[in-house]
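# Structural characterization, general
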Amino acid sequence: MFKGYLRSDGRKGIRNNILVVYTVECAHYVAKEIAYPFRKQGVQVIGFGGCYPSKYAEKVLHNLCTHPNTSSALIVSLGCEGFRTSELEEVIRLSGREVSTIVIQQSGGTQSSIGSGMEWIEKQLLKSKGIATVEMKLSDLIIGSICGGSDATTGIVGNPSVGRFSDNFILSGGTAIFEETGEMIGLEKEIMTRGVTPKLSKLLKNSILKAEKYYSAMGHGSFSPGNADGGLTTIEEKSLSSYSKSGNSKISGILKPGIVPSKPGLYLLDVVPDGTPKFGYPNINDSAEIVELISCGCQIILFVTGRGSVVGSAVSPVIKITGNPITYMNMKDDMDINAGKALTGEMTLDDIANEIEAKVIEIAGGEPSASERLGHHEFVLTYKSFQPLGPGCLPFT
Amino acid sequence: MKQSFIHLNPTDNVIVVIGEIENPFIMVSGKKIMIEDNIKFGHKVAIKEILPGEKIIKCGGTIGTATKLILPGSHVHIHNMKSNFINTYTLKDLYNE
């Protein structure tokens, strides 16, 4: 159906990105300068700003550097931070990808680190052209869905059309991940019918209760002033809207950031940290959620917006769908799909679901999405901590 | 003709504005209701009398509880309803304490 890139672990990517990875904020500027001249050639900056160790951040960066959309990675370290750069380098090398590390303190400082980094990127750009391509079909994809800048249209047409696409996609053998248990508060009863096993349904409910506890401790729910301007009133109204992007398929398992599903099906990504609430809000913005979805292997992200978000992401393309016909008219360049046509009666939700499928195939085949065309490659990674997945979260793996 | 409102589920006690309101009078179960002026796109309108403490139903689900008497045709929003889980904050609440 379309051409992708074959990686040595057998996974298939739809982009051939080279990542420049900073391992503390102090190395961020050098990383940005290295990547800047090549930003339109698939060279992207990701990284972690914190100086204190974080197993969570290390796991996410391990997964992104060995993601099917990644061809090679350059690590940029200051030299005294808590991030274990040699482990990251080892993980990338073992995945069959080219990797190099620049330690700024040992490379003569800013100027010469930028110089040697750019030289490495130039070489990789030549090499990455030779990577084997492979035939891919729709069901080879792991597709993540998220909504942000929600308004009333998100739950009426935007998310329901993604839900319909997702149901068809899962029937044809695909893997879909939806997220944000903080936006499932109020759905404790509804979720009890969704798991493939009764045990999983109970665990799904527990993940919502955890989110409720966590957000209550933070002081307010996952709800922005713009949500209210757009007609939403409470977290449970937003939850009903957010949940509709999961469609009607049974849920096959619960994931946490950095866990890649090994079997097709529909998964819920639990993004709320385990244990006593600490480190602040579970997800400080939409980009942080997108990064976590991609850390679970998503090669494409479907982003439903009502108010109008412009973000894209590093590593995987983001397809922007708006259910608000006014937003579509105001921000046409930033949008890939106008699901508002289902609101004005020009199209049905099934028509929009088909349009999403066609767009996914087009973007997977190499066409840039709206956010890619505009140069968006947002990336956010903050402190969190998780326990390993408990028994019953992935019943059939 | 373009629709101005959508009644998402037969059990809902609100409708949602999805287009320009040309005629403020609508018929609900044989009764004529006059819709309040200036309700924005995406916002909700009561189609029944809703008493304080009564549930607000949208898409067949409970989305909160009325904090005041809401008359048919009135705007249903954060000024007359609240969450049953975590309170909705406004920038005014946060910064004009």
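Just above, that's the structure.
Residues numbered from 1 in each chain as written. Chains lettered and ligands numbered in written order. Predicted model: local features only at pLDDT ≥ 70, side-chain atom pairs only at ≥ 80, totals over all residues. Heavy atoms only, no water.

## With respect to the overall build of chain A
- A tally of regular secondary structure across chain A gives 12 helices and 14 strands.
- Each of the three principal axes of chain A carries a C-alpha extent, and together these read 60 × 45 × 40 Å.
- Buried positions account for 61% of the 397 residues belonging to chain A.
- When the accessible surface of chain A is split by element, carbon and sulfur atoms take 54% of a total near 14,700 Å².
- In chain A, 38 side chains carry a positive charge and 41 a negative one; their mean positions are 5 Å apart. (Helix = DSSP H or I, 4+ residues; strand = E, 2+ residues; numbered from the N terminus. Buried < 20%, exposed > 50% of the residue type's maximum accessible area, 1.4 Å probe, protein only. Areas by Shrake-Rupley, 256 points an atom, 1.4 Å probe, with all protein chains shown as cover. Lys, Arg positive; Asp, Glu negative; His and termini not counted. Charge placed at Lys NZ, Arg CZ, Asp CG, Glu CD.)

## Comments concerning the packing of aromatic side chains
All names here are of chain A.
- Applying the stated criterion across every chain yields a total of four aromatic pairs over all chains.
- Measuring from centroid to centroid gives 4.9 Å for Phe-48 and Tyr-383, while their planes differ by 80°, and the two rings are edge-to-face. Here Phe-48, found in the loop between β4 (43-47) and α2 (55-65), pairs with Tyr-383, found in the segment after α12 (370-373); they are 335 residues apart in sequence, far enough to count as distant.
- Measuring from ring centre to ring centre gives 5.8 Å for Tyr-56 and Phe-386, while their planes differ by 40°; the resulting arrangement is tilted. (Phe/Tyr/Trp six-rings, centres within 6.5 Å; stacked < 30°, edge-to-face > 60°.)

## Structural notes on the layout of surface pockets
- The computed volume of the largest pocket comes to approximately 1,100 Å³.
- Along its surface, the largest pocket is lined by 46 residues, and Ile-156, Val-157 and Leu-343 of chain A together with Ile-6 and Leu-8 of chain B are the ones closest to its centre.
- When residues of the lining of the largest pocket are traced back to their parent elements, those giving at least two are α5 (152-171), α8 (235-243) and α10 (325-330) of chain A together with β1 (5-6) and β3 (25-28) of chain B.
- When residues in the lining of the largest pocket are grouped by element, the largest group, seven residues, is from α5 of chain A. (1 Å grid on protein atoms, 1.4 Å probe; cavity = no way out; pocket = protein on both sides within 12 Å on 5 of 7 lines; lining within 4 Å. Points joined across faces, edges and corners; volume = space filled by probe spheres on them.)

## Let's talk about α8 of chain A
- Counting buried positions along α8 of chain A gives nine out of nine residues, so the element sits mostly inside the fold.
- For α8 of chain A, the full list of buried residues reads Ile-235, Glu-236, Glu-237, Lys-238, Ser-239, Leu-240, Ser-241, Ser-242 and Tyr-243 of chain A.
- In the core, the buried residues of α8 of chain A are packed alongside β8 (142-147), α5 and α7 (225-229) of chain A together with β5 (44-46), β6 (55-58) and β7 (61-66) of chain B. (Contact = heavy atoms within 4.5 Å.)

## Let's talk about the nonpolar core
- One finds Leu-141, Ile-300, Leu-302, Ile-321, Ile-356 and Val-360 of chain A together with Ile-56 of chain B to be the most contacted residues of the largest nonpolar core, which totals 66 residues.
- Ignoring sequence-local partners within four residues, the contact set of Leu-141 of chain A consists of Phe-2, Ile-14, Met-136, Phe-169, Gly-174, Thr-175, Gln-299, Ile-300, Val-360 and Ala-364 of chain A.
- By size, the runner-up hydrophobic cluster in this structure holds 37 residues, among which are Tyr-56, Phe-83, Val-271 and Phe-379 of chain A. (Core = buried A, V, L, I, M, F, W, Y, C linked by side-chain atoms within 4.5 Å.)

## Overview of the pattern of salt bridges
- Using the criterion set out here, one finds 19 salt bridges over all chains in the structure.
- By sharing partners, the salt bridges in this structure join Lys-210, Lys-256, Asp-270 and Asp-274 of chain A into a single network. (Salt bridge = Lys/Arg side-chain N within 4 Å of Asp/Glu carboxyl O.)

## Some details on the packing of α2 of chain A against helix α9 (residues 286-295) of chain A
All names here are of chain A.
- Packing of α2 against α9 brings their axes to within 9 Å, and their N-to-C directions diverge by 60°. As summarised for this structure, α2 and α9 are arranged oblique, according to the angle between their axes. Along this stretch, α2 crosses α9, giving a crossing that reads as left-handed. Touching Tyr-56, Val-60, Asn-63 and Leu-64 of α2 are Val-291, Glu-292, Ile-294 and Ser-295, all from α9.
- Split by residue class, the contact of α2 with α9 holds five nonpolar, two polar and one charged. (Axes fitted to C-alpha atoms, helices over the stretch in contact; angles between N-to-C directions. Parallel < 35°, antiparallel > 145°, perpendicular 65-115°, else oblique. Left-handed = near helix turned anticlockwise from the far one by under 90°. Nonpolar A, V, L, I, M, F, W, Y, C, P; charged D, E, K, R; others polar.)

## A look at empty space enclosed by the protein
- Taken as a whole and judged by the stated rule, the model has five cavities of 30 Å³ or more.
- The volume enclosed by the largest cavity comes to roughly 60 Å³.
- Lining the largest cavity, in full, are Ile-143, Gly-144, Ser-145, Val-162, Phe-165, Ser-166, Ala-176, Ile-177, Phe-178, Lys-245, Leu-266 and Leu-302 of chain A.
- If you list the elements that add at least two residues to the lining of the largest cavity, you get β8, α5 and β9 (175-179) of chain A.
- Partitioning the lining of the largest cavity into residue classes produces eight nonpolar, three polar and one charged.
- In terms of lining, the second largest cavity is formed by Ala-152, Gly-155, Ile-156, Leu-232, Glu-237, Leu-240 and Ser-241 of chain A together with Lys-58 and Cys-59 of chain B.
- For the lining of the second largest cavity, the elements supplying multiple residues, two or more each, are α5 and α8 of chain A.
- Among the residues making up the lining of the second largest cavity, the classes are represented as five nonpolar, two polar and two charged.

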